[in-house]
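So the chains spell out like this:
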Amino acid sequence: MNLQVDEEFACLMTAAKLGMEIEEIEGEEEVHDVIGELCNIICGDLKSKLCDAGLTCELSIPSITSGNGFKIESRGWERSEHYGFRSHAHTALVAVYMKAVN
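So, here's what we can say about the structure. Quick caveat, the model's predicted, so the values are computed rather than measured. (Residues numbered from 1 in each chain as written. Predicted model: local features only at pLDDT ≥ 70, side-chain atom pairs only at ≥ 80, totals over all residues. Heavy atoms only, no water.)

1. Considerations on the nonpolar core
Part 1: By size, the foremost hydrophobic cluster in this structure holds 13 residues, and its most contacted members are L3, I25, V31 and I35.
Part 2: For this core, the secondary structure elements donating two or more residues are α1 (7-18), α2 (28-52) and β3 (90-98).
Part 3: Among the elements that take part in this core, α1 stands out by supplying five residues, more than any other.
Part 4: Those residues in contact with I25 that lie beyond four places of it in its chain are C11, T14, A15, M20, E30 and V31. (Core = buried A, V, L, I, M, F, W, Y, C linked by side-chain atoms within 4.5 Å. Buried < 20%, exposed > 50% of the residue type's maximum accessible area, 1.4 Å probe, protein only. Helix = DSSP H or I, 4+ residues; strand = E, 2+ residues; numbered from the N terminus. Contact = heavy atoms within 4.5 Å.)

Set out below in structure tokens:
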């Protein structure tokens, strides 16, 4: 799964999750922790649904990449789904990539 949000939206989500104001965020590590946890929540729910359907599913720990101009390359994915979400003036893009494991 790939979750893309801009820095401002990531900070807004972090502040909301931690019950604080944006100015109270102490650093990038807090933001990365919240975004990683959000990925865990989304992927955990998807994994649960796939397992309930009788499919085997494996997940890795989340990794965080910051910056601009990223390119995602196919690693043998058989299926991908892309979703966009809006919250006020902010957008989150979620892409889920799946492949069969033999």
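2. Side note on α2
A turn of α-helix holds 3.6 residues, and therefore any two residues three or four places apart point the same way.
Part 1: Taking 1.5 Å per residue, 25 residues should reach 36 Å; α2 reaches 36 Å between its end C-alpha atoms and fits that length.
Part 2: Taken as a whole, α2 has its buried residues at V31, V34, I35, G36, C39 and C43.
Part 3: Packed against the buried residues of α2 are β1 (2-4) and α1.
Part 4: G54, located one to two residues past α2, shows a positive phi value of around 90°. (Expected span 1.5 Å × (residues − 1).)

3. Digging into the environment of R79
Part 1: As for its placement among the helices and strands, R79 is situated in strand β2 (residues 79-87).
Part 2: Along the sequence, R79 and M98 sit 19 residues apart, while their C-alpha atoms lie 5.3 Å from each other.
Part 3: Look past the residues within four positions of R79 in its chain and what remains in contact with it is V96, Y97 and M98.

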